[in-house]
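Listed below, chain by chain, are the residues.
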Amino acid sequence: MSWEEIELLYWLDLFGVVVFAVSGALAAGRKSLDLLGVVVIAVVTAVGGGTTRDLLLNRHPVFWIADPTYLTAIIIGTLLTIWYTRHKEPPQKALLLADALGLAVFTITGAQITQEVVSNEVIIVIMAAITGTVGGLIRDVLTNKIPMILQRDIYATAALAGATVYLLLQLTALPSSVNIMTAMIVVIGLRLAAIQWGLHLPRFKLEEE
Amino acid sequence: MSWEEIELLYWLDLFGVVVFAVSGALAAGRKSLDLLGVVVIAVVTAVGGGTTRDLLLNRHPVFWIADPTYLTAIIIGTLLTIWYTRHKEPPQKALLLADALGLAVFTITGAQITQEVVSNEVIIVIMAAITGTVGGLIRDVLTNKIPMILQRDIYATAALAGATVYLLLQLTALPSSVNIMTAMIVVIGLRLAAIQWGLHLPRFKLEEE
Amino acid sequence: MSWEEIELLYWLDLFGVVVFAVSGALAAGRKSLDLLGVVVIAVVTAVGGGTTRDLLLNRHPVFWIADPTYLTAIIIGTLLTIWYTRHKEPPQKALLLADALGLAVFTITGAQITQEVVSNEVIIVIMAAITGTVGGLIRDVLTNKIPMILQRDIYATAALAGATVYLLLQLTALPSSVNIMTAMIVVIGLRLAAIQWGLHLPRFKLEEE
């Protein structure tokens with residue numbers, strides 16, 4: 001990758017972290033936590049996936065300890081969210097789009113970071129999905145819900161598909177920027193298509209014992 | 001240990017992982033998650049204990065990153081479970097037996113792995129129990145239940161007893177294969193006796209404030 | 001720090017661990033877990049914060065693996081709690097005071113340990129709060145409640161304030177013992193004031209979708 005691409009991905013990653021923090025803050029607001037509780041949920045939603053990835057890969061210092069800009073961005077994003085929603089409705093459609101972009105970014109950066117340490121493709125795809133989804137999963141556990149990604153529409157699936165496309169395109173002669181863009185479009189496209197047309201994976205339902 | 005024993009334990013460990021994946025898939029089915037949610041719960045149930053052990057012991061790469069055979073086995077086991085239960089009732093008794101065997105295997109491999117790094121016996125016994133029980137605990141948290149191992153019958157207790165027996169027998173001149181078999185029989189026996197006769201530890205009950 | 005101070009902090013840390021174990025055991029008692037479940041919750045409440053800190057900072061062996069005295073103290077404390085509450089009401093006021101002292105100790109030791117590895121002040125303050133609060137958070141998740149620290153009064157806030165005071169006082173010429181005492185008094189004072197007068201942070205409440 002060129003320096004410009006690394007730079008671009010860093011800014012996108014920071015953007016993804018802030019978007020996930022906003023989604024965490026909104027989820028916390030629906031449970032009427034106190035201000036610090038909201039910040040905690042926002043932080044955990046934003047950094048939970050990348051932190052889990054870094055711990056599993058033994059990658060230290062963990063990304064937000066290595067670069068505290070992430071925490072600053074999360075806290076500012078959370079405070080702006082609290083301030084904004086005192087006066088206006090959260091812009092649901094813009095947030096869904098931003099969330100899809102955040103998922104796409106985390107998927108790609110998760111895959112890239114894992115590739116520096118591991119060569120097995122299954123592990124890389126799983127770590128990419130972990131980076132994209134574990135923050136939201138912890139958010140749901142802390143607010144006492146069955147995690148959304150386990151039950152609703154195409155979410156982790158979009159991350160798995162995007163990471164798979166990203167690895168497959170590396171086998172071609174395409175420049176890495178085209179590869180990254182394509183994989184991100186796969187994630188965003190799947191995610192938005194799922195929302196638009198209510199797509200979801202089949203459910204697996206057993207009778208209660 | 002001889003090479004044959006190491007080989008045998010590896011296959012038993014793989015068997016334990018698959019059994020725990022099946023139990024996770026069935027628990028997920030009772031919550032009507034989507035297909036990917038079922039796979040996620042199955043994976044977490046199967047690898048959660050060993051992963052926690054490896055992170056706490058700073059043992060990298062984590063076992064399923066070092067050997068992706070585990071993930072492949074889990075995914076195949078989960079898909080077979082979904083396919084099987086579409087037509088037939090899950091064989092409850094066989095599953096309880098398989099689960100007891102899985103717990104026994106994880107207890108022994110957990111104790112062995114910990115012994116490579118730590119000499120304190122209390123830590124070894126606890127890590128053995130963590131290896132055997134944390135996967136099921138995370139499964140219960142993700143499906144929004146109070147973890148079964150905290151409230152019902154003899155489960156973690158069987159792991160603690162088996163690991164203790166395993167350490168005690170190391171003080172004798174018994175060959176390691178006899179030691180391993182005996183400790184596994186303790187775990188399985190306690191577990192099956194608890195199921196058969198409804199044994200459980202006394203409860204500790206305080207009034208709600 | 002002098003050897004006397006290090007010694008004092010070690011004993012205080014051990015005291016904090018036992019206090020948190022007692023609070024975990026009492027919480028478990030309200031959910032009528034079995035005896036081992038109570039011990040598990042007590043252990044997790046007592047060591048959860050420090051373990052999370054050590055994993056995030058890549059500090060191995062984790063504190064309770066390095067020094068099993070902690071586990072012994074926790075188990076004795078838990079058994080005494082179970083025995084005591086069979087006959088008498090738990091002494092609520094003494095426990096709240098002890099819990100405030102435990103929070104204060106964990107905040108300071110968390111800040112000190114983090115400072116050995118990291119220089120960024122925001123990270124140090126956050127790790128101090130993690131050390132003081134994550135154990136209780138996991139306790140609440142395992143007993144299937146929305147974590148108390150996310151919703152009720154001044155708790156994590158007291159840890160954040162105490163750690164901030166601790167860092168600010170390091171810029172002065174005060175001896176470290178005065179610094180430590182002052183920061184602990186800030187935590188305890190805020191905590192007790194919050195209980196006494198029902199202080200809490202403002203809530204952030206959104207309409208349910």
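Just above, that's the structure.
Notes on the structure in this doc start here. (Residues numbered from 1 in each chain as written. Chains lettered and ligands numbered in written order. Predicted model: local features only at pLDDT ≥ 70, side-chain atom pairs only at ≥ 80, totals over all residues. Heavy atoms only, no water.)

Here the focus is the nonpolar core. Counting 211 residues, the largest nonpolar core has Trp64(A), Ile65(A), Trp64(B), Ile65(B), Trp64(C) and Ile65(C) as its most contacted members. With sequence-adjacent residues up to four places away left out, Ile65(C) is seen in contact with Leu56(B), Leu57(B), Val118(B), Ile123(B) and Met127(B). (Core = buried A, V, L, I, M, F, W, Y, C linked by side-chain atoms within 4.5 Å. Buried < 20%, exposed > 50% of the residue type's maximum accessible area, 1.4 Å probe, protein only. Contact = heavy atoms within 4.5 Å.)

Attention shifts here to the packing of helix H2 (residues 35-56) of chain C against helix H4 (residues 69-85) of chain C. When two helices pack together, their arrangement is captured by the angle between the axes and the distance separating the axes. All names here are of chain C. For the pair H2 and H4, interaxial distance at closest approach is 10 Å and the crossing angle is 130°. By the criterion of interaxial angle, the relationship of H2 to H4 is oblique. The handedness of the crossing between H2 and H4 is right-handed. Taken together, the residues of H4 that come into contact with H2 (itself represented by Leu35, Val38, Val39, Ala42, Val43, Ala46 and Val47) are Leu71, Ile74, Ile75, Thr78 and Ile82. Class assignment of the residues belonging to the contact of H2 with H4 gives a composition of 11 nonpolar, one polar and no charged. (Axes fitted to C-alpha atoms, helices over the stretch in contact; angles between N-to-C directions. Helix = DSSP H or I, 4+ residues; strand = E, 2+ residues; numbered from the N terminus. Parallel < 35°, antiparallel > 145°, perpendicular 65-115°, else oblique. Left-handed = near helix turned anticlockwise from the far one by under 90°. Nonpolar A, V, L, I, M, F, W, Y, C, P; charged D, E, K, R; others polar.)

Once that is clear, we can look at the interface of chain C and chain A. Interface size is commonly expressed as the accessible area that is lost once the parts come together. Contact with chain C, which involves 32 residues of that partner, is made by 31 residues of chain A. Carbon and sulfur atoms supply 69% of the area that chain C and chain A bury against each other, a total of about 2,800 Å² over both sides. Considering only the side of chain C, the residues that lose the most area to chain A are Leu150(C), Phe204(C) and Leu206(C), jointly responsible for 28% of the buried surface there. Taken together, the connections running from chain C to chain A amount to two residue pairs in polar contact (both at pLDDT 80 or more). Contributing elements (two or more residues each) for the side of chain C that touches chain A: H2, helix H6 (121-142), helix H7 (148-151) and helix H8 (156-169) of chain C. Among the elements that take part in the side of chain C that touches chain A, H6(C) stands out by supplying six residues, more than any other. (Buried area = accessible area lost by both parts, 1.4 Å probe. Polar contact = N/O pair within 3.5 Å; in protein donor to acceptor, adjacent residues only side chain to side chain.)

With that settled, the discussion passes to the relation of the copies chain B and chain A. Mapping chain B onto chain A leaves a residual RMSD of 0.0 Å; the transformation is a rotation of 120° accompanied by 0.0 Å of translation along its axis. Here the symmetry operator amounts to a three-fold rotation axis. Different-surface contact between copies: only 13% of interface residues of chain B are shared with the interface of chain A. (Least-squares fit on C-alpha atoms with pLDDT ≥ 70 in both.)

What follows covers the relation of the copies chain C and chain A. The two copies are related by a screw operation: chain C maps onto chain A through 120° of rotation and 0.0 Å of translation along the axis, at an RMSD of 0.0 Å. Little of the interface of chain C is mirrored in chain A, where only 12% of its interface residues are also at the interface.

Time to look at helix H6 (residues 121-142) of chain A. All names here are of chain A. Between its first and last C-alpha, H6 extends 31 Å over 22 residues, near the 32 Å set by a 1.5 Å rise per residue. Most pronounced at Thr133, the bend in H6 amounts to some 45°. Extensive coverage of H6 is indicated by the burial of 18 of its 22 residues. By the N-cap criterion, in which a side-chain oxygen at the helix start approaches the backbone nitrogen of a residue two or three places on, H6 is capped by Asn120, the distance to Val122 being 2.9 Å. Positive backbone phi, at 65°, marks Asn144, one or two positions downstream of H6. (Expected span 1.5 Å × (residues − 1). Bend = angle between axes of the 7 residues up to and from the residue.)

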